[in-house]
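What follows is each chain in one-letter form.
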Amino acid sequence: MQSNLQTRVQEVEVNFGGDPLFSNISFNLHEGDKISLVGRNGCGKSTLFKVIAGDIEPDHGEIDSSKGLRVAYLGQKENFDNYRTLGDFASRGLGDSEKYLVDQTAQLLGFDPDALVNESSGGEKRKAALARVFAKERDVYLLDEPTNHLDINAILWLEETIKTSAKTFVVISHDRKLLSNMGGRAFWLDRGKLRICPYGYGRFEEWQEEILDLENTHRTKLDRRIRTETLWSREGISARRKRNQGRLKALEKLREKRAEFAQRETTFSVNINQPKSDTQMVLEAFNIDKSLGGKEIIRDFSLRILKGDRIAIVGPNGAGKSTLLKSLTKEIGVDQGKVRLGYNFDLAAMWQDRTLENLNISVQEFLVGKGANTRDQPDQVIFQGRGLHIISYIKKFQFEYWKAKSPLKSLSGGELGRMLLAKIFLRESNFLALDEPTNDLDVETLDMLKEILANYKGTVAFVSHDRDFIDNVANITLAYEGNGKWQAYSGGWSDYLKQKKNPANTGNTYFPTAKIQKKKERTAPKSINGNLLSFTERHRLEILPDLIENKEARISELTVKLEDPNLYSNNSSLFDELTNDLVVEQAKLVSLEEEWYQLASKQEE
């Protein structure tokens, strides 16, 4: 039995810059519906939400809602200006007798309504925004990327609320697990048209693949018919006889129909700059402490990170995940302990605060700067050691050519996130620090990012609450244990949960057993000039970088030779000899790096 009809959307069209962003959008919302709205960044999902909420008038079509329908709308970003506390924002529009509802929701979500806005994290602000939406009962909830910045406990609460509620929910999200678990139907906004998957997001990707395969088959058949009819039309006077004019008109209709099947770019093609250094030791933290505003964020934390590690940092909002990442990369200092960076440590970072100084500049102006010769080639970036036209580069990230001249302020939240990734991937680095990289990104961009990180030969540390992303990327998970304590677990999110259930399996080898001595405990005498290094050690420290570079060059030379696909079949003994040499040279490199690391550490003490 069909539930009560709440909203009818009929042939809605919205134009942007004279061209339709989407058109002929029609669907119904019934009481209790659970809808996943998916599509690429910039396709118009948020705009469609605003149309349903009544914030934007469509250029064509109608939206009819039942009388007295109460709609709650959570936007991608909320404006906290002019609000002192999170509770002040969350209780906006509530009477004094209703403000207790905010306190109840805050307790469920896990945030303090009395926390000052200017001291709150992005996740805490997002919880306040959700509290404002859920504090007062509504009939329809439109949630645009509700999991952005949220910690996993809050995401689980949101997921359970949606699943068990009798209310109507339409959700835009990149969180695969959330969308799959909420059930219902999936609406796919693609190239200006809306398609409805009746199975929900759990089967959406399989259904989507079938749709695209059918579309490609139909496109191929249309192309074949158009070629045949076009050849006939050119054969001569027979095509121009009156009795054949109908056939010519039919050909025009075929061409119009073919135009509707605009080619859909289905894959990203990005291979980012790879690190040039083969350094194995990336960084090491010794008993570090860090406090902010009187709150202990990190206490007695030690960690060794090696080349190729993929480290996820997880914990509740406000725990200090971003602070930990910045402390490990020496973007900010620590209160006690030491952080040592490996030889040729080269950081490329995308931090959680993505506020840009000037949103009026164009995409081209934003990308052409670092990583490009702006004086000689203002329309090119330097990518993988060579000049590349800006249009060719942004197409790798699924941007149309005309976006190069568009101002940054015209980009959607997801498009801006994609553009920031394009910016940092211009840098040559051996360490990527990504703070909430999945926020606002569509599912296809997330898949692209997973593939990039899988192929990246450097080291990655990232903050995320996306369970699927963590499972697919991380081989180490740093989890907040409370009171400034952080613990390393092998694997991703699912592995972390299993180890938490079985504490006997939580042992890890990522924390070095040797503890750094506190300054007051050190008794080693200093030399007259105040330097712990002897003359021989100082000389050794000066020449080690050249020795390391020579060793890296030798390893690269051997690697290139071994990559010859015909080497083994043509000369197996040479292949074995080169393989043994490579193993020896790699061991020598590790030894040199360790020597440099120890001497550099000793010099700083």
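Residues numbered from 1 in each chain as written. Predicted model: local features only at pLDDT ≥ 70, side-chain atom pairs only at ≥ 80, totals over all residues. Heavy atoms only, no water.

Asker: Give a description of the pairing of strand E15 (residues 380–383) that names residues and reports values.
Answerer: Note on strand geometry: in a regular strand, side chains alternate between the two faces of the sheet. Side-chain alternation along E15 places Val381 and Phe383 on a buried face and Gln380 and Ile382 on a face that remains uncovered. With four bridges connecting them, E15 and strand E16 (residues 386–389) associate as antiparallel partners. When the sheet's bridge partners are listed, Ile382 is paired in E16 with Gly387. Connecting E15 to the next strand, E16, in antiparallel fashion are two residues, including Gln384 with a positive phi near 55°. (Buried < 20%, exposed > 50% of the residue type's maximum accessible area, 1.4 Å probe, protein only. Helix = DSSP H or I, 4+ residues; strand = E, 2+ residues; numbered from the N terminus. Pairing = 2+ DSSP bridges.)

Asker: I'd love a proper account of unusual backbone geometry, names of residues and values included.
Answerer: In this structure, Lys330 is a non-glycine residue whose phi angle is positive, near 65°. Counting through the fold element by element, Lys330 comes out in the loop between helix H9 (321–328) and strand E13 (336–341). The partly exposed category is assigned to Lys330, whose relative accessible area is 42%. The phi angle at Glu436 is positive, at roughly 55°, despite the residue not being glycine. Looking at where Glu436 falls in the secondary structure, it is placed in the loop between strand E17 (431–435) and helix H13 (443–455).

Asker: Quick one: what's the story with the environment of Ile297, residue by residue and with numbers?
Answerer: Structurally, the position occupied by Ile297 is in strand E11 (residues 295–306). Those residues in contact with Ile297, other than ones at most four positions away along the chain, are Lys290, Ser291, Leu292, Ala319, Gly320, Thr323, Tyr480, Gly484 and Trp486. (Contact = heavy atoms within 4.5 Å.)

Asker: Talk me through the packing of aromatic side chains; I want residue IDs and the actual numbers.
Answerer: Note on aromatic pairs: each is described by the distance of the centres and the angle between the planes. Tallied over the entire structure, the rule returns 20 aromatic pairs. Centre to centre, the rings of Trp188 and Phe204 are 6.0 Å apart; their planes meet at 80°, and the pair counts as edge-to-face. Here Trp188, found in strand E8 (residues 185–190), pairs with Phe204, found in helix H7 (residues 204–233); they are 16 residues apart in sequence, far enough to count as distant. The class for Trp188 is buried, based on a relative accessible area of 1%. Accessibility expressed as a relative area gives 4% for Phe204, which makes it buried. Between the aromatic rings of Tyr393 and Phe397, the centroid separation amounts to 5.3 Å while the plane-to-plane angle is 65°, which identifies the pairing as edge-to-face. Seen from the ring of Tyr199, Arg203 lies directly overhead, with NZ or CZ sitting 3.9 Å from the centre. Between the NZ or CZ atom of Arg418 and the centre of the ring of Phe399, over which it lies, the distance is 4.5 Å. (Phe/Tyr/Trp six-rings, centres within 6.5 Å; stacked < 30°, edge-to-face > 60°. Lys NZ or Arg CZ within 6 Å of the ring centre and 35° of its normal.)

Asker: I'd love a proper account of the sheet that holds E13, names of residues and values included.
Answerer: Strands sit in the order E11-E10-E13 across an open sheet of three strands; the sheet is antiparallel. Edge strands, defined here as strands with exactly one partner in the open sheet, are E11 and E13. Each adjacent strand pair in this sheet contributes to an overall mean axis angle of 15°, direction not counted. Inspection of the sheet shows strand E10 (residues 281–292) paired to E11 by eight bridges, in the antiparallel sense. Note on E11: the bridge partner recorded for Ile288 is Phe301. Along the sheet, H9 makes contact with E10, E11 and E13, crossing E11 at roughly 50°. (Axes fitted to C-alpha atoms, helices over the stretch in contact; angles between N-to-C directions.)

Asker: Outline the sheet that holds strand E12 (residues 310–314), supporting the account with residue identities and numerical values.
Answerer: Here six strands make up an open sheet; going across it, the order is E14-E17-E18-E12-E19-E20 and the pairing mixed. Both outer strands of the open sheet, strand E14 (347–350) and strand E20 (485–490), are each paired with one neighbouring strand and no more. In this sheet, neighbouring strand axes are inclined to one another by 20° on average, regardless of whether the strands run parallel or antiparallel. As defined by bridge partners, strand E19 (residues 476–482) adjoins E20 across six bridges and the pair is classed as antiparallel.

Asker: Outline the nonpolar core, supporting the account with residue identities and numerical values.
Answerer: Counting 47 residues, the largest nonpolar core has Leu367, Val381, Tyr393, Met419, Phe425, Leu453 and Phe462 as the members making the most contacts within it. Sort the elements by how many residues they give to this core and helix H12 (residues 413–424) lands first, with six residues. Ignoring sequence-local partners within four residues, the contact set of Leu367 consists of Val381, Ile390, Tyr393, Ile394, Met419, Ala422, Lys423 and Leu426. Core analysis: the second largest hydrophobic core is formed by 43 residues, Leu179, Trp188, Tyr201 and Val443 among them. (Core = buried A, V, L, I, M, F, W, Y, C linked by side-chain atoms within 4.5 Å.)

Asker: How would you summarise a negative patch on the surface if you had to cite specific residues and measurements?
Answerer: On the surface, a cluster of negative charge is made up of Asp88, Asp103, Asp112 and Asp114. Mapped onto the secondary structure, Asp114 falls in the loop between helix H3 (100–109) and helix H4 (122–134). Overall, the relative accessible area of 61% leaves Asp114 in the exposed class. (Patch = residues over 30% accessible without salt bridge, like charges linked within 9 Å, V, L, I, M, F, W, Y side chains within 5 Å. Areas by Shrake-Rupley, 256 points an atom, 1.4 Å probe, with all protein chains shown as cover. Salt bridge = Lys/Arg side-chain N within 4 Å of Asp/Glu carboxyl O. Lys, Arg positive; Asp, Glu negative; His and termini not counted. Charge placed at Lys NZ, Arg CZ, Asp CG, Glu CD.)

Asker: Would you mind going over H4 in detail, with residue names and values included?
Answerer: Between its terminal C-alpha atoms H4 stretches 18 Å, which fits the 18 Å expected from 13 residues at 1.5 Å a residue. Across the 13 residues that make up H4, a large majority, eleven, are buried. (Expected span 1.5 Å × (residues − 1).)

Asker: Now, about the pattern of salt bridges: what can you tell me, with residues and values included?
Answerer: Taken as a whole, this structure holds 25 salt bridges when the rule is applied. The shortest N-O distance in the salt bridge between Arg70 and Asp139 comes to 3.0 Å. Of this pair, Arg70 sits in the loop between strand E4 (60–65) and strand E5 (71–74) while Asp139 is found in the loop between H4 and strand E6 (140–144), placing the two residues 69 residues apart along the sequence. Among the residues examined, Arg70 registers a relative accessible area of 37% and is labelled partly exposed. In the salt-bridge network here, residues are joined through shared partners; they are Arg176, Glu205, Asp447, Lys450 and Asp468.

Asker: I'd like to hear about the confidence of the model for the protein, residue by residue, with values.
Answerer: The pLDDT averaged across the protein works out to 81; a share of 81% of its residues lies at or above 70. In the model, residues 370–375 has pLDDT below 50 throughout and makes eleven contacts with residues more than four positions away in sequence or in other chains. Below a pLDDT of 50 lies the segment residues 504–530, which in the model reaches 39 contacts outside its immediate sequence neighbourhood of four places, other chains included. (pLDDT = per-residue confidence, 0-100.)

Asker: Can you tell me about the environment of Glu594, naming the residues and giving the values?
Answerer: Mapped onto the fold, Glu594 is located in helix H18 (residues 572–604). For the pair Glu594 and Gln280, spaced 314 residues apart in sequence, the C-alpha to C-alpha distance is 9.1 Å.

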